[in-house]
Amino acid sequence: MGAECKCNCEQDKSLDALFAQNKGNPNGLIVVMAAIQESQGYLPKDYLVKTAEELGVPLSDVYGVATFYAAFSLRPRGRHSVNLCLGTACYVKGAPEVQAMLEKEMGIKAGNTTEDRRFSLDLVRCLGACGIAPVLTVNGEVYPRMSSDKVSEIIAKYE
Amino acid sequence: MATVSLTIDNVKVEVEQGSTILEAAKQIGVNIPTLCYMKDINAIGACRICVVEVQGARALQAACVSPVAEGMVVKTNSAAVRASRKMTLELIQSNHPQECNTCQRNTNCELQALSEAMALGDIRFVRPAQSHSKDDIDNSSPSIVRDPRKCILCRRCVAVCEKVQGVKCISTMNRGFETVVAPPFNQSLNDVNCAMCGQCSLVCPTGAIVEVDDTGKVWRALDDANKHVVVQTAPAVRVAIAEEFGMEPGTLAQASWWQPSPPRL
Ligand code: SF4
Ligand code: SF4
Ligand code: FES
Ligand code: FES
């Protein structure tokens, strides 16, 4: 087959092993889902259907769990994960303006991923760094004392 | 059988070990209000309407899931209990559309009855925007209508669909205010393997899951001089009618004009 292989085949094999290991075991649900999220970057529908079938859990429950935990995502994530803190301290120090600028520059609303999958923009509540509010993180890297005029320079660093 | 003795509202009672406070109270005729609880099917302590005061306990306890213990002293109707239940109800109502007059469950609704029994006069915390809107109503199914706006998340329907019907095509999705009882992947009831048994609508304490109301259609049929109207109670109406008309038993009667109901507004 000429189609380009987009998956990470090695990890896919380890998923198969995990499915086999948890066959008929509803208690393995979270572990299996976490492994799918890890290897695929999100929870593709096919995988959730397979999880339901293999583990013997109703699909409605699988989907319920997938939509309950913030660690799971049903849509592909961007290459760079941008988190803006909207906790109390960051909020009063101007995070809403930073959010507006980020959304404008990326052309998406918070909670979404850009069309080219370059960025996922999410809002978080208090990162425990209120002293340097407003706080922005990109792939875990911290940008303290954010203001809207710093936004375009920062996101230009990530391709 | 080992028993446990305890005191409920100053009355001594002896019950089987492992019983809940709710069951023990019932034994002496003390009624503790419940919303999410369904005997043998749903005991998840979700709604907190059944709270009672247990002497020595740090917080009020949900009677439907709290086992009795030797020497326990329980008060089911103290000031603290009443205040807590009323607050819980008020919070449930804060995210509930206040349209009882036009609701199919009007005068037959557990939430309404409880609010009346507790003389809930004021709802102080009405949310500026409710979690779900009329656009979220699912009327895809020919038999069942889901209105998430009226759902109090007691999960009785989820439990009955799984444990009694063995279908489990609905479950709780999302979290917080966005929580909704629905089929997976934002599908409508007609897209999934719902058996249209109606068990969920039967156990729903509010008007969040109800049967499709076809009364208007029946009136139109009755008013149609060219139509002969036959009455047949469920289940298996179509099979029964076919048999009545001399078709092979098991045949599904289907009129030439029949088609699934269009979505209602
Ligand atoms: S009608 Fe029956 S099968 Fe369908 S959701 Fe309700 S309980 Fe489940
Ligand atoms: S639809 Fe009815 S039975 Fe189901 S969780 Fe909501 S209120 Fe409870
Ligand atoms: S509020 Fe943003 S770090 Fe605490
Ligand atoms: S009836 Fe006990 S918590 Fe709902």
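Just so we're clear, the structure is a prediction, and the values are computed from it rather than from any experiment.

Q: So what exactly am I meant to see when it comes to the domain arrangement of chain B here?
A: Interface size, as often reported, equals the accessible area lost upon joining of the parts. Here chain B is partitioned into domain 1 (3-77), domain 2 (91-211) and domain 3 (214-257). Computed over C-alpha atoms, the centres of domain 2 of chain B and domain 3 of chain B are 30 Å apart.

Q: Before we go on, may I ask you to explain the site of ligand 1 in this structure?
A: Around ligand 1 lies a shell formed by B:Ile144, B:Cys161, B:Val167, B:Cys169, B:Ile170, B:Cys194, B:Ala195, B:Met196, B:Cys197, B:Gly198 and B:Cys200. Class assignment of the residues belonging to the shell around ligand 1 gives a composition of 10 nonpolar, 1 polar and no charged.

Q: Please explain the UniProt feature "binding site: [2Fe-2S] cluster" (unreviewed entry) in chain A as it appears in this structure.
A: Residues and elements named next belong to chain A. Per the UniProt record, the feature "binding site: [2Fe-2S] cluster" (unreviewed entry) sits at Cys85, Cys90, Cys126 and Cys130. Over a stretch of 46 residues, the named residues converge on one spot in the fold, their C-alpha atoms separated by at most 9.4 Å. For Cys85, the location among the structural elements is in strand β1 (residues 80-85). Aside from chain neighbours lying at most four places away, what touches Cys85 is Cys90, Ala95, Val124, Arg125, Cys126, Leu127 and Val135. Relative to the elements of secondary structure, Cys126 occurs in the loop between β3 (119-124) and β4 (136-138). With a relative accessible area of 41%, Cys126 lands in the partly exposed category. With residues near it in sequence (within four places) discarded, Cys126 still touches Cys85 and Gly87.

Q: So what exactly am I meant to see when it comes to the pattern of salt bridges here?
A: Opposite charge on two side chains makes pairing possible when the charged atoms of those side chains draw close. Per the stated rule, a full pass over the model turns up 15 salt bridges over all chains. Residues A:Lys109 and A:Glu103 are paired through a salt bridge, measuring 3.6 Å at the closest nitrogen-oxygen approach. Residue classification places A:Lys109 among the exposed residues on the basis of a relative accessible area of 57%. Residue B:Asp147 is joined to B:Lys150 by a salt bridge in which the shortest nitrogen-to-oxygen separation is 4.0 Å. No difference in accessibility class separates B:Asp147 from B:Lys150, as the two residues are buried. Connected through salt bridges with shared partners, the residues B:Glu99, B:Asp147, B:Arg149 and B:Lys150 form a single ionic network.

Q: Got a minute to help me understand the packing of aromatic side chains in this structure?
A: The description of two aromatic rings rests on the distance between their centres and on the angle between their planes. If you walk through the whole model with that rule in mind, you get 3 aromatic pairs over all chains. Here the aromatic rings of A:Tyr63 and B:Phe185 are separated by 4.6 Å at their centres, their planes lie at 50 degrees, and the arrangement is tilted. Of this pair, A:Tyr63 sits in helix α4 (residues 59-68) while B:Phe185 sits in the loop between β8 (180-182) and α5 (199-203), which puts the two residues in different chains. Its relative accessible area of 7% is what places A:Tyr63 among the buried residues. On the accessibility criterion, B:Phe185 (18% relative accessible area) is buried. Ring geometry for A:Phe68 against A:Tyr69: centres 5.0 Å apart, planes inclined by 80 degrees, an arrangement best described as edge-to-face.

Q: Looking at this structure, I do not really get the interface of chain B and chain A. What am I missing?
A: Contacts between the two partners involve 11 residues from chain B and, on the opposite side, 12 residues from chain A. Summed over both sides, the interface between chain B and chain A buries roughly 1100 Å², with carbon and sulfur atoms accounting for 62% of that surface. Across the chain B-chain A interface, the total number found is 1 salt bridge. Between B:Lys168 and A:Asp61 there is a salt bridge, with the nearest N and O atoms lying 2.8 Å from each other. For the interface between chain B and chain A, the tally reads 5 residue pairs in polar contact (both at pLDDT 80 or more). Taken together, the residues of the side of chain B that touches chain A break down into 5 nonpolar, 4 polar and 2 charged.

What counts as what
Residues numbered from 1 in each chain as written. Chains lettered and ligands numbered in written order. Predicted model: local features only at pLDDT ≥ 70, side-chain atom pairs only at ≥ 80, totals over all residues. Heavy atoms only, no water. Domains from an automatic or database assignment. Near = heavy atom within 4 Å. Nonpolar A, V, L, I, M, F, W, Y, C, P; charged D, E, K, R; others polar. UniProt positions renumbered as here; feature names shortened; annotations may be inferred. Helix = DSSP H or I, 4+ residues; strand = E, 2+ residues; numbered from the N terminus. Contact = heavy atoms within 4.5 Å. Buried < 20%, exposed > 50% of the residue type's maximum accessible area, 1.4 Å probe, protein only. Salt bridge = Lys/Arg side-chain N within 4 Å of Asp/Glu carboxyl O. Phe/Tyr/Trp six-rings, centres within 6.5 Å; stacked < 30°, edge-to-face > 60°. Buried area = accessible area lost by both parts, 1.4 Å probe. Polar contact = N/O pair within 3.5 Å; in protein donor to acceptor, adjacent residues only side chain to side chain.

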